[in-house]
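Structural overview for review
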Amino acid sequence: MRLEEQGEFPMEARRKGQIQIKVILVFVAQKLLRLGLLLMAVAVFTFVLLSFSPIDPVQAYIGADMMQISADQQAIIAERWGLDQPLWSRFLDWLGQLLQGNMGTSLVFNQPVSVVIANRFQASLQMLAIAWFLSGFLGLTLGIVSGALAGSWVDRLVRLYAYTLASAPTFWVALLLLIAFAVSWKIAPICCAAPPGVLSQNVTFWQHLHHLLLPAITLSIIGIANIALHTRQKLIEVMQSDYVLFALAQGESLWNIVRYHGFRNILLPAITLQFASLSELFGGSVLVEQVFAYPGLGQATVQAALRSDIPLLVGIVFFSALFVYTGNTLADLAYPVIDPRIRLRGQAHS
């Protein structure tokens, strides 16, 4: 009997391992299918919306020299970039190039779209990473302190900060910080990602960080509010539960209750908001980079929109959708790690 039992355990473990692998593969397949449908919808809607743009791509491409260019030369330029073709033809041509790994050529930068996105995203990624970590850490910390001390002056101060900045436009906050720290106090540089006149290979780490810090802090300030308010509300609900009231009656300290009972319950909603904030940070970076003249992907988005650079704008929208969707998928995968009671969908029914 013991030999049979010893043989059953490895078989049972092997069967559970196969079920887990199957569930993960199904989960990944569903995510990839949804991602494909999302990207296709994003591409179609972007092309359709750009077709209603009042900006003439040829005129935007030529710029101030428009009066010096003849109609024949304008026709040649339109033919060179495929602007003389109908919208559906340009979309199918773009889709065919995309299936071959080519996202087209940017009219503004006269470079492949993939190269422009890669170069600009390297600059934006550093700012987004700092803003993302700062907003998550400070938002979670302020939310815990505010929820644990609900009704106190600390709680009122945190809520005042959160409600004020949650309704404040990103560009307005960026302008205020620029005026205060760069113009008035001269603590931070007024623009750019490096000192003017210095080659990129000669820029030191501290010079780069000096130019990067204020835009990143500006971007993080807006993201703190939502995480702090949601964390506060969730912690208040936990603190009013029966088991927490019983623990308080037993003489348990407030911070031990927050640590052992509240932290796990508030961590999952905070992580969901943290990864969901990627889209807000990505959108906010467009305005922040414009205010601080920071040469990132956000500034390239504005230039592509103002000059009707359809390949670049579609590529950036395409990439941003992929970026945000990846962040949400990572949040789904992080749930079972944080709370083992949560499993990937379908595993509990296996």
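Notes on the structure follow. Model, not experiment: these values are computed from the prediction.

**Overview of the overall build of the protein**
When you go through the protein residue by residue, the secondary structure sums to twelve helices and zero strands. Reading the helices (α) and strands (β) of the protein from amino to carboxyl end gives α-α-α-α-α-α-α-α-α-α-α-α. Burial analysis of the protein (350 residues in total) assigns 41% to the buried set. Residue pairs at least 24 apart in sequence account for 75% of intrachain contacts in the protein once pairs closer than 6 positions are excluded. Looking at the protein as shown, the accessible area adds up to about 20200 Å², and 66% of this sits on carbon and sulfur atoms.

**Remarks on the pattern of salt bridges**
A complete count under the given rule lists two salt bridges for this structure. Between aspartate 155 and arginine 159 there is a salt bridge, with the nearest N and O atoms lying 3.5 Å from each other. Placement of the pair is aspartate 155 and arginine 159 together in helix H6 (residues 153-166), with a separation of four residues, close to one helical turn. Taking relative accessible area as the criterion, aspartate 155 reaches 0% and is therefore assigned buried. The class of arginine 159 is partly exposed, set by a relative accessible area of 25%. Sharing partners across several salt bridges, the network here consists of Asp155, Arg159 and Arg232.

**Quick notes on the packing of helix H9 (residues 242-249) against helix H10 (residues 254-291)**
The packing of two helices is summarised by the inter-axis angle and the distance between the axes. Across the interface, H9 lies against H10 with an axial gap of 11 Å and an inter-helix angle of 170°. Here H9 lies roughly antiparallel to H10, going by the angle between them. Contacts between H9 and H10 pair Tyr243, Val244, Ala247 and Leu248 from the former with Ile257, His261 and Asn265 from the latter. For the contact of H9 with H10, the class distribution of residues is five nonpolar, two polar and no charged.

**Observations concerning the packing of aromatic side chains**
Per the stated rule, a full pass over the model turns up six aromatic pairs. Where phenylalanine 121 meets phenylalanine 319, the ring centres are 4.8 Å apart and the plane angle is 75°; that geometry is what we call edge-to-face. Of this pair, phenylalanine 121 sits in helix H5 (residues 113-148) while phenylalanine 319 sits in helix H12 (residues 310-338), placing them 198 residues apart in sequence. On the accessibility criterion, phenylalanine 121 (13% relative accessible area) is buried. Ring geometry for tryptophan 132 and phenylalanine 133: centres 5.1 Å apart, planes at 75°, overall edge-to-face. Judged by relative accessible area, which is 16%, tryptophan 132 ranks as buried. Pairwise contacts between aromatic rings join Phe121, Phe282, Phe319 and Phe323 into one cluster.

**Points about the side chain of serine 146**
Position of serine 146 among the secondary structure elements: in helix H5. By relative accessible area, which is 0% here, serine 146 ends up buried. Residues contacting serine 146, with those up to four places away along its chain left out, are Asp155, Val158 and Arg232.

**Comments concerning the nonpolar core**
Trp94, Ile117, Leu219, Phe292 and Leu312 are the most contacted members of the largest nonpolar core, which totals 68 residues. The residues contacting isoleucine 117, other than those within four sequence positions of it, are Met103, Leu297, Leu312, Gly315, Ile316 and Phe319.

**Focus: a nonpolar patch on the surface**
Together, Phe171, Trp172, Leu175, Leu176, Ile179, Val183, Ile190 and Leu287 make up a nonpolar patch on the protein surface, roughly 720 Å² of accessible area in all. Of the residues forming the nonpolar patch, the biggest block, six residues, is contributed by helix H7 (residues 170-184). If you trace the backbone, isoleucine 179 turns up in helix H7.

**What about H7?**
For H7, with 15 residues, the first-to-last C-alpha span of 20 Å sits near the 21 Å given by 1.5 Å per residue. Among the residues of H7, Thr170, Val173, Ala174, Leu177, Leu178, Ala180 and Ala182 are the ones counted as buried. Check the buried side of H7 and you find it contacts H6, helix H8 (205-239) and H10. Phi turns positive, to about 55°, at lysine 186, one or two residues after H7.

**Regarding the packing of H5 against H8**
One can describe the packing of H5 onto H8 by two numbers: an axis separation of 5 Å at closest approach and a directional angle of 35°. Every pair of crossing elements has a handedness; the one defined by H5 and H8 is right-handed. Among the residues making up the contact of H5 with H8, the classes are represented as 20 nonpolar, eleven polar and one charged.

**Some words on unusual backbone geometry**
Phi is positive for asparagine 110, which is not a glycine, with a value near 55°. With respect to the helices and strands, the residue asparagine 110 is situated in the loop between helix H4 (87-99) and H5. One non-glycine residue, lysine 186, lies in positive phi territory at about 55°. Mapped onto the secondary structure, lysine 186 falls in the loop between H7 and H8.

Cut-off values and rules
- Residues numbered from 1 in each chain as written.
- Predicted model: local features only at pLDDT ≥ 70, side-chain atom pairs only at ≥ 80, totals over all residues.
- Heavy atoms only, no water.
- Helix = DSSP H or I, 4+ residues; strand = E, 2+ residues; numbered from the N terminus.
- Buried < 20%, exposed > 50% of the residue type's maximum accessible area, 1.4 Å probe, protein only.
- Contact = heavy atoms within 4.5 Å.
- Areas by Shrake-Rupley, 256 points an atom, 1.4 Å probe, with all protein chains shown as cover.
- Salt bridge = Lys/Arg side-chain N within 4 Å of Asp/Glu carboxyl O.
- Axes fitted to C-alpha atoms, helices over the stretch in contact; angles between N-to-C directions.
- Parallel < 35°, antiparallel > 145°, perpendicular 65-115°, else oblique.
- Nonpolar A, V, L, I, M, F, W, Y, C, P; charged D, E, K, R; others polar.
- Phe/Tyr/Trp six-rings, centres within 6.5 Å; stacked < 30°, edge-to-face > 60°.
- Core = buried A, V, L, I, M, F, W, Y, C linked by side-chain atoms within 4.5 Å.
- Patch = residues over 30% accessible without salt bridge, like charges linked within 9 Å, V, L, I, M, F, W, Y side chains within 5 Å.
- Expected span 1.5 Å × (residues − 1).
- Left-handed = near helix turned anticlockwise from the far one by under 90°.

Read these as geometric descriptors, not functional statements.
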